[in-house]
Amino acid sequence: MKNCMQFAFSLAAILLAVCLTILSSDGLSQTQIVLVTTGSTMPETLYVLWGDEFHKLHPETQVRYLPVGTSESAKGILSGAGDLGGGDALSPEQQWKKAAQTTLELPTVLVGLAIFYNLPDSATTIRLSGPVLANIYLGKITSWSDPEITRLNPDGKLPALPIKVLRRTDGKGSNYIFSDFLSKVSPEFRAKVGTSVSPKWPVGTSFSRCQDLLANVAATSGAIGYAELRCGEKSTLPIARIRNAAGEFVKPSTKSISAVASAIESKMMNDFRISLTNAPGKESYPIVSFTWFYVPVHPQDLERGRAVNEYLSWVYGSGQQIAQAQGYTTLPPSVLQKVRERVAALH
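Residues numbered from 1 in each chain as written. Predicted model: local features only at pLDDT ≥ 70, side-chain atom pairs only at ≥ 80, totals over all residues. Heavy atoms only, no water.

## Details of the pattern of salt bridges
Within the structure shown, the criterion is met by eight salt bridges. One salt bridge in this structure joins Glu 72 and Lys 75, with 3.4 Å as the shortest N-O distance. With a gap of three residues between them, Glu 72 and Lys 75 both fall in helix α3 (residues 70–78), about one helical turn apart. Each of Lys 140, Glu 188 and Lys 192 takes part in salt bridges that share partners, so that together they form one network. (Salt bridge = Lys/Arg side-chain N within 4 Å of Asp/Glu carboxyl O. Helix = DSSP H or I, 4+ residues; strand = E, 2+ residues; numbered from the N terminus.)

## A short note on the packing of helix α2 (residues 44–57) against helix α13 (residues 318–325)
Where α2 meets α13, the closest approach of the two axes is 11 Å, and the angle between their N-to-C directions is 135 degrees. Here α2 lies oblique to α13, going by the angle between them. The interaxial crossing formed by α2 with α13 has right-handed handedness. Judged by residue contacts, Leu 46, Leu 49, Trp 50 and Glu 53 of α2 engage Gly 319, Gln 320, Ile 322 and Ala 323 from α13. Its residues placed into classes, the contact of α2 with α13 shows five nonpolar, two polar and one charged. (Axes fitted to C-alpha atoms, helices over the stretch in contact; angles between N-to-C directions. Parallel < 35°, antiparallel > 145°, perpendicular 65-115°, else oblique. Left-handed = near helix turned anticlockwise from the far one by under 90°. Contact = heavy atoms within 4.5 Å. Nonpolar A, V, L, I, M, F, W, Y, C, P; charged D, E, K, R; others polar.)

## Considering the pairing of strand β7 (residues 164–168)
The buried count for β7 comes to four of five residues, which makes it a mostly enclosed element. Relative to strand β9 (residues 223–228), β7 runs parallel, the two being bridged by two bridges. For Lys 164, the partnering residue across the bridge sits in β9 and is Ala 223. In terms of strand pairing, β7 meets strand β8 (residues 205–207) through three bridges, oriented parallel. (Buried < 20%, exposed > 50% of the residue type's maximum accessible area, 1.4 Å probe, protein only. Pairing = 2+ DSSP bridges.)

## Describing the state of the cysteines
Considering all chains together, one arrives at one disulfide under this definition. The disulfide bridge from Cys 210 ends at Cys 231, spanning 1.9 Å between sulfur atoms. Across the S-S bond of Cys 210 and Cys 231 the torsion is about 95 degrees, and the bridge reads as right-handed. Of this pair, Cys 210 sits in helix α9 (residues 210–219) while Cys 231 sits in the loop between β9 and β10 (241–243), placing them 21 residues apart in sequence. Overall, Cys 231 belongs to the partly exposed group, its relative accessible area being 21%. (Disulfide = S-S within 2.5 Å.)

## Some remarks on the pairing of strand β4 (residues 84–87)
In β4, alternate side chains face the same way, and those of Leu 84 and Gly 86 on one face and Gly 85 and Gly 87 on the other are all buried. Direction of pairing for β4 relative to strand β12 (residues 288–296): antiparallel, over a ladder of three bridges. What sits directly across from Gly 86, in β12, is Phe 293.

## So, the packing of aromatic side chains
All chains considered together, the criterion is met by 17 aromatic pairs. A connected cluster of aromatic rings, assembled from ring pairs, spans Tyr 47, Trp 50, Phe 54, Tyr 65, Phe 293, Tyr 311 and Trp 314. Against the face of Phe 249 rests Arg 127, its NZ or CZ located 4.3 Å from the ring centre. (Phe/Tyr/Trp six-rings, centres within 6.5 Å; stacked < 30°, edge-to-face > 60°. Lys NZ or Arg CZ within 6 Å of the ring centre and 35° of its normal.)

## Regarding the environment of Val 36
Within the secondary structure, Val 36 is located in strand β2 (residues 29–38). Each C-alpha atom, one on Val 36 and one on Arg 64, is 5.1 Å from the other, the two residues being 28 residues apart in sequence.

## Focus on the environment of Asp 155
As for its position among the elements, Asp 155 is in the loop between α6 (147–152) and β7. Separated by 31 residues in sequence, Asp 155 and Thr 124 place their C-alpha atoms 8.6 Å apart.

## Here's the deal with the side chain of Thr 291
Along the polypeptide, Thr 291 turns up in strand β12. From its side chain, Thr 291 meets the backbone oxygen of Gly 87 in a polar contact 3.1 Å long. If near-sequence neighbours (up to four positions away) are discounted, Thr 291 is found in contact with Pro 43, Tyr 47, Gly 87, Asp 88, Leu 106, Pro 107, Thr 108 and Val 109. (Polar contact = N/O pair within 3.5 Å; in protein donor to acceptor, adjacent residues only side chain to side chain.)

## Observations regarding the confidence of the model for the protein
Averaged over all residues, the pLDDT of the protein is 85; the fraction at 70 or higher stands at 86%. Looking across the protein, the model is least confident in strand β1 (residues 20–23), with a mean pLDDT of 40, and most confident in helix α5 (residues 130–137), with 98. Taken together, the stretch residues 1–29 has pLDDT below 50 and engages in 29 contacts with residues farther than four places along the chain or on a different chain. (pLDDT = per-residue confidence, 0-100.)

## Digging into α2
Across its 14 residues, α2 extends 20 Å between first and last C-alpha, which sits within 8% of the 20 Å expected from 1.5 Å per residue. Residues of α2 that are buried include every one of Leu 46, Tyr 47, Trp 50, Gly 51 and Phe 54, and no others. Down the axis of α2, the smallest arc covering the buried residues is 135 degrees, so these residues share one side. The outward face of α2, more than 90 degrees from its buried face, is lined by the exposed residues Thr 45 and Lys 56. (Expected span 1.5 Å × (residues − 1). Arc of directions from axis to C-beta.)

## Some remarks on the packing of α2 against helix α12 (residues 302–315)
Relative orientation of the contacting elements α2 and α12 amounts to 110 degrees, with a least axis distance of 11 Å. Taken together, α2 and α12 sit at an angle that is classed as roughly perpendicular. Between α2 and α12 lies a crossing whose hand is right-handed. Taken together, the residues of α12 that come into contact with α2 (itself represented by Tyr 47, Trp 50, Gly 51, Glu 53, Phe 54 and Leu 57) are Glu 310, Tyr 311, Trp 314 and Val 315. When the residues that make up the contact of α2 with α12 are grouped by side-chain class, the tally is seven nonpolar, one polar and two charged.

Below, the structure is given as structure tokens:
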């Protein structure tokens, strides 16, 4: 029922956005374009701000953002609904090839997924590795005093407390980022769960919103959960240090997320679909990804298509500066240049 209501709301907004007539100051009617952008909740704050700032410069165009989730956004754009999609996952190439309309994936900013936890009397930051996290989410490690965890934390005594696993509901981009990381460090996880916006989690309690997940981590002794770093900005929950490909234990931050992009920038110039998780570099945080725009290459309405192109050109210009001012990790220069070239080639 909830999904049906959400779909109905999204459809109504899309129909409304086809053509909105308003009265100008001289009393005459004029047409204003309202672009519908659907996407995940992860970059919602930034995308809403982008829409507001763009509208100030282009009063004839409004950008409405509907946070329906990564999976629903991709599904809508691929089926021909909506002007622009957004999400935190790359859909399988086979799915894009079968789509009703040709769609381009363009990275917007970089995001880091943090591991939050709740342990009583924890004086130091817990250190975890990818394989240990995989075993926790496989249900194989069930206590904070498990030998695999204590070996990573020789300086701190961990309680013999059950681990309460928390996760996101199906269709979420954060699921994709986290499961992609775990699949790369654990063959068993890759075989049993896999990389997906809707992984086949064998354990855990699920939450639709990252805020609800973090609230439950805070209220549950022994809990562990994952969320985009900025989602937990106002939380007092501790964040784990995660072992990266260089063997260093790193916490997510603007600096450690930027280090990922710098480490593999030359590869990203040629392939935006490259995975950023567990990138090389001593300072790189290992659970990092792009968040994406899903862009119809040949929009059915040329006027609306021109408005989308104008908006995208602004996003990859002034929009990046706004993102940086808000604390987001923006695209590396050479990647940004490549994205601008692709936007310029859209018709």
